[in-house]
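# Descriptive structure summary
Each chain is listed here by its residues.
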Amino acid sequence: MSAEKSSRAAWLRRLRGRNNEGVLALILVVLIIGMSIANPVFFSLPTAFSILRSAIVPLIFALGVLLVIISGGIDMSFAAIAVFAAYTTIKVQLAGSFDLGLVGAFAVAVLIGAFLGAINGFVIARFRLPTMIVTLGTRGIFTGVLLTYVGSRYIADLPAGMASVSTTNLIAVEGSTGNAFLHVLVVPAVLLAIVIAWVLRRTMFGRSIYAIGGDAEAARRAGIRVVRTQVWMYVLVGMMAAVGGMIYMIMGRSATPQELVGDELDIIAAVVLGGASIFGGRGSVTGTVLGVLLIQVINNSLILAGVPSAWQRTAVGLLLVVGVGVQALAARRSARRIRTIDESDEDGARHETTSVQHEKVTA
């Protein structure tokens with residue numbers, strides 16, 4: 001009977017997932033079924049493609065934020081880096097009256113994002129400053145420099161190399177419920193998710209990020225080059241933010257420096273809901289993907305229900321508080337369990353010592 005219970009418990013743990021991905025997937029399925037019953041329009045291919053389209057940029061941002069949260073930090077500057085890199089790339093092309101093409105434009109934006117990410121990484125790793133404070137500061141600096149020295153005007157016409165992709169779809173389906181279009185730029189988002197999952201699972205760099213998030217000092221003593229790992233991690237996050245910014249402006253068919261900054265809450269909430277520990281050392285790409293989809297489904301559901309946008313932000317904020325609260329309770333329960341085990345071990349050792357002393361006295 002005990003063997004049956006243990007096997008059942010093991011099966012439930014595998015189903016739940018290491019970071020509660022199974023629970024999140026179940027919540028997502030229940031929400032989709034409930035919304036489909038309440039509004040049959042929700043369960044249609046156009047709605048599904050619309051949700052996937054709206055999840056492209058948040059997913060790319062969330063993958064970068066996932067790396068930072070696993071390492072034990074919180075990044076608040078990724079949106080500013082995204083806008084800075086993308087808008088600067090577009091402005092330079094228009095000002096010089098030349099076209100870098102799609103690949104060239106992405107390459108320039110990624111270089112800018114890598115440079116800005118390196119600034120974050122150097123300041124945080126070299127001086128061991130709180131990540132949230134540093135990235136809040138650099139967010140303001142990057143935004144101020146962009147508006148002051150690059151430009152603040154709305155750009156309606158993108159360079160030809162970028163504009164040519166704005167209306168390109170990977171899948172186009174005509175149906176009774178309407179036309180469904182899946183944008184081709186969903187491909188880089190999927191590829192990035194696969195690459196980051198491989199990096200975290202299979203490379204020493206990924207394992208070092210987990211180790212730093214678990215205990216930076218212990219990781220340093222174990223021989224991990226903490227400073228170098230953190231700098232390269234923020235460089236990678238900056239590059240991913242630049243890719244997200246470029247895709248955002250291409251899909252929007254316009255460029256403005258006033259976008260994205262201020263929407264960081266949705267991304268952080270998605271990563272935390274996906275099982276990444278706000279205390280560091282835990283998180284997965286699968287959970288992050290599910291978290292992003294959950295946020296997008298909730299936002300889409302509220303829109304279909306006619307709920308004002310202010311309440312949408314309230315719902316996301318509530319989900320973030322709930323996610324962090326659950327993690328805090330789990331961490332407290334784990335600490336209590338460890339303390340109980342330690343106390344029982346001490347009692348056992350004390351009892352064994354007393355028995356040995358009693359045997360010596362008797363002898």
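Residues numbered from 1 in each chain as written. Predicted model: local features only at pLDDT ≥ 70, side-chain atom pairs only at ≥ 80, totals over all residues. Heavy atoms only, no water.

### A look at the nonpolar core
Selection rule: For this analysis, a nonpolar core means a set of buried residues of the types Ala, Val, Leu, Ile, Met, Phe, Trp, Tyr and Cys, connected via side-chain atoms within 4.5 Å. For every residue, the accessible area (1.4 Å probe, protein chains only) is compared with the maximum for its type, and the residue is labelled buried under 20%, exposed over 50%, or partly exposed between those bounds. Secondary structure follows DSSP: runs of H or I at least 4 residues long count as helices, runs of E at least 2 residues long count as strands, and numbering of each begins at the N terminus. By the convention used here, residues are in contact when the closest approach between their heavy atoms is within 4.5 Å.
Counting residues in each nonpolar core, the largest one holds 91 residues, and the members touching the most others are Phe61, Ile247 and Val285. In terms of residue count, the dominant contributor to this core is helix H3 (residues 45–70) (16 residues). Apart from the residues within four sequence positions on either side, phenylalanine 61 is in contact with Phe78, Ala82, Ala241, Gly244, Gly245, Leu260 and Ile267.

### Regarding the environment of leucine 136
Mapped onto the fold, leucine 136 is located in helix H6 (residues 131–150). What makes leucine 136 partly exposed here is its relative accessible area of 33%. In this structure, the C-alpha to C-alpha distance between leucine 136 and isoleucine 74, residues 62 residues apart in sequence, is 9.7 Å.

### Topic: a nonpolar patch on the surface
What counts here: Like charges within 9 Å and nonpolar side chains (Val, Leu, Ile, Met, Phe, Trp, Tyr) within 5 Å are joined into patches, using only residues over 30% in relative accessible area that form no salt bridge. Per-residue and other accessible areas were derived by the Shrake-Rupley procedure at a 1.4 Å probe size, with only the shown protein chains allowed to occlude residues. Definition used for salt bridges: Asp or Glu carboxyl oxygen within 4 Å of a side-chain nitrogen of Lys or Arg.
A contiguous nonpolar patch, built from Leu45, Leu170, Ile171, Val173, Val187, Val190, Leu191 and Ile194 and spanning about 630 Å² of accessible area, is present on the exposed surface. When residues of the nonpolar patch are traced back to their parent elements, those giving at least two are strand E1 (169–175) and helix H8 (186–202). Ranked by residues supplied to the nonpolar patch, first place goes to H8 with four residues. The topology assignment puts valine 190 in helix H8.

### A closer look at the confidence of the model for the protein
Our working definition: The predictor rates its confidence in each residue with pLDDT, a number between 0 and 100.
Per-residue pLDDT for the protein averages 85, and the proportion of residues at 70 or more is 85%. Segment residues 356–363 is flagged for pLDDT under 50; beyond a separation of four residues in sequence, or across chains, it makes zero contacts in the model.

### Here's the deal with the pattern of salt bridges
With the rule as written, the count across this model stands at three salt bridges. When the shortest N-O distance is used, the salt bridge between arginine 139 and glutamate 264 registers 3.3 Å. Residue arginine 139 is found in helix H6, and its partner glutamate 264 is found in helix H12 (residues 264–273); the two are separated by 125 residues along the sequence. For arginine 139, a relative accessible area of 22% translates into the label partly exposed. Put simply, arginine 220 and glutamate 217 hold a salt bridge, and the shortest N to O gap is 3.0 Å. In this pair, arginine 220 and glutamate 217 both sit in helix H10 (residues 216–221), three residues apart, roughly one turn of the helix. According to the relative accessible area criterion, arginine 220 is partly exposed, its value standing at 28%. What makes glutamate 217 partly exposed here is its relative accessible area of 35%. Connected through shared salt-bridge partners, Glu217, Arg220 and Arg221 make up one network.

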